[in-house]
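Structural features, examined
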Amino acid sequence: MQEIKRIDRKLVHQGAILDFYEDTMLLPNGKTEKWDFISHRMGAACVLAVKPDGKILMVRQYRNALNRETLEIPAGKRDSVNEDTAVCAARELEEETGYRAGKIEKLLSLKSTVAFCDELIDVYLATELEKVGEQKLDESEEIDIEEWDLKDLMEMCYSGKLQDAKTVAAIMAYAVKCRN
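First, a word on what this report is: a plain description of the structure on this page. Owing to the predicted nature of the structure, the values given are computational and were not obtained by experimental measurement. (Residues numbered from 1 in each chain as written. Predicted model: local features only at pLDDT ≥ 70, side-chain atom pairs only at ≥ 80, totals over all residues. Heavy atoms only, no water.)

**Brief notes about the pattern of salt bridges**
Any two side chains of opposite charge can pair, given that their charged atoms come close. Convention followed: The salt bridge criterion pairs a side-chain nitrogen of Lys or Arg with a carboxyl oxygen of Asp or Glu, the two atoms within 4 Å. The secondary structure listing takes helices from DSSP runs of H or I that are at least 4 residues long and strands from runs of E that are at least 2 residues long, numbered from the N terminus. Buried, partly exposed and exposed residues are distinguished by accessible area as a fraction of the type maximum, computed with a 1.4 Å probe on protein chains only: under 20%, between the cut-offs, and over 50%, respectively.
Per the counting criterion, the structure on display carries 22 salt bridges. Here D19 ties to R41 by a salt bridge, and the two come within 2.4 Å at their closest N and O atoms. In this pair, D19 sits in strand β2 (residues 18–26) while R41 sits in the loop between β3 (32–40) and β4 (44–50), placing the two residues 22 residues apart along the sequence. Of the charged contacts in the structure, one is a salt bridge between E22 and K34, with a shortest N-O distance of 3.9 Å. Within this pair, whereas E22 is found in strand β2, its partner K34 is found in strand β3, the two being separated by 12 residues in sequence. Given a relative accessible area of 31%, E22 falls into the partly exposed group. One continuous salt-bridge network, built from bridges that share partners, spans D79, E83, R91, E92 and E95.

What follows is the structure in C-alpha cells.
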C-alpha cells in the first residue's frame, strides 16, 4: 500500500470532550484531500455487569446522535487522561446502576470508530455485584436499568437490535469467556 501523509491539521471546534479537526491529506497520486478527524481527549471505559443469578445489567438511555433510546452497558469517559480505566468503569457502574463490583477484570480494549475518531474504550467484566444505593446520575442523564439474559442479548446483537459497538463487543467477549 502506498503512503498517505497528513500535511496539515486545523482545529475546527473544541467541545466538552471531543475536538473536531479538518486534516489535509496528501494522497499517493499527489492530490490533496480534506478529511474529518475527531479526537476524544479522555478515553472511556465500559462495564458488562453480571449479577450472581447470571443476569446482565443494561442501561436504557436517549442518544442524541440516533434520536432514540438505546440499550447499552454502563459506560463513561475518564475524569482525566491519567485515570485508570478500571476505576472509571467501577465508578460508572455505581453511578448508573447503584451496584458495586466485588471483582472487576478487563475483557478487551477497542477503538470505537477508526475511520474518523481515536476514542479508546476499555471493556471490563464486573462480577460479585452488590446493590449499594441509588443511581447518581448527572443532571442531564435519565437512565433506566434493565436485567437481561446473555442468550437474549446475543440474539439482539445478531438481529441488529443492539448496535452499540462497545456493548456488542462486550457481550460477544463475555459469551466466549463463558464457553472457555
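**Here's the deal with the sheet that holds β3**
The cut-off we apply is this: DSSP-based pairing: two strands are paired if at least 2 bridges between them are found. Axis geometry follows a simple rule: fit a line to the C-alpha atoms, using only the stretch in contact for helices, then measure angles between N-to-C directions, giving values from 0 to 180 degrees.
In spatial order, the strands read β1-β2-β3; together these three strands make up an open sheet with antiparallel pairing. Among the strands making up the open sheet, the edge pair consists of β1 (5–14) and β3. This sheet shows a mean twist of 25 degrees between the axes of neighbouring strands, independent of strand direction. Looking at chain direction, β2 and β3 are connected through nine bridges and run antiparallel. The residue of β3 that forms the bridge with E22 is D36.

**Brief notes about the packing of helix α2 (residues 150–159) against helix α3 (residues 165–179)**
The packing of two helices is summarised by the inter-axis angle and the distance between the axes. Cut-off, in case you're wondering: Note that the term roughly parallel is reserved for angles under 35 degrees, roughly antiparallel for angles over 145, roughly perpendicular for angles of 65 to 115, and oblique for everything else. Two helices that cross are described as forming a left-handed crossing if the nearer one is turned anticlockwise from the farther one by less than a right angle, and a right-handed crossing if clockwise. By definition, residues are in contact when any of their heavy atoms lie within 4.5 Å. Classification used: nonpolar for Ala, Val, Leu, Ile, Met, Phe, Trp, Tyr, Cys and Pro, charged for Asp, Glu, Lys and Arg, polar for all others including Gly.
With their axes 10 Å apart at the nearest point, α2 and α3 run at an angle of 130 degrees to one another. Between α2 and α3, the crossing angle belongs to the class labelled oblique. Seen from above, α2 lies across α3 with left-handed handedness. Along the contact surface, α2 presents L150, L153, M154, C157 and Y158, while α3 presents V168, I171, M172, Y174, A175, C178 and R179. Per-class residue counts for the contact of α2 with α3 are 11 nonpolar, no polar and one charged.

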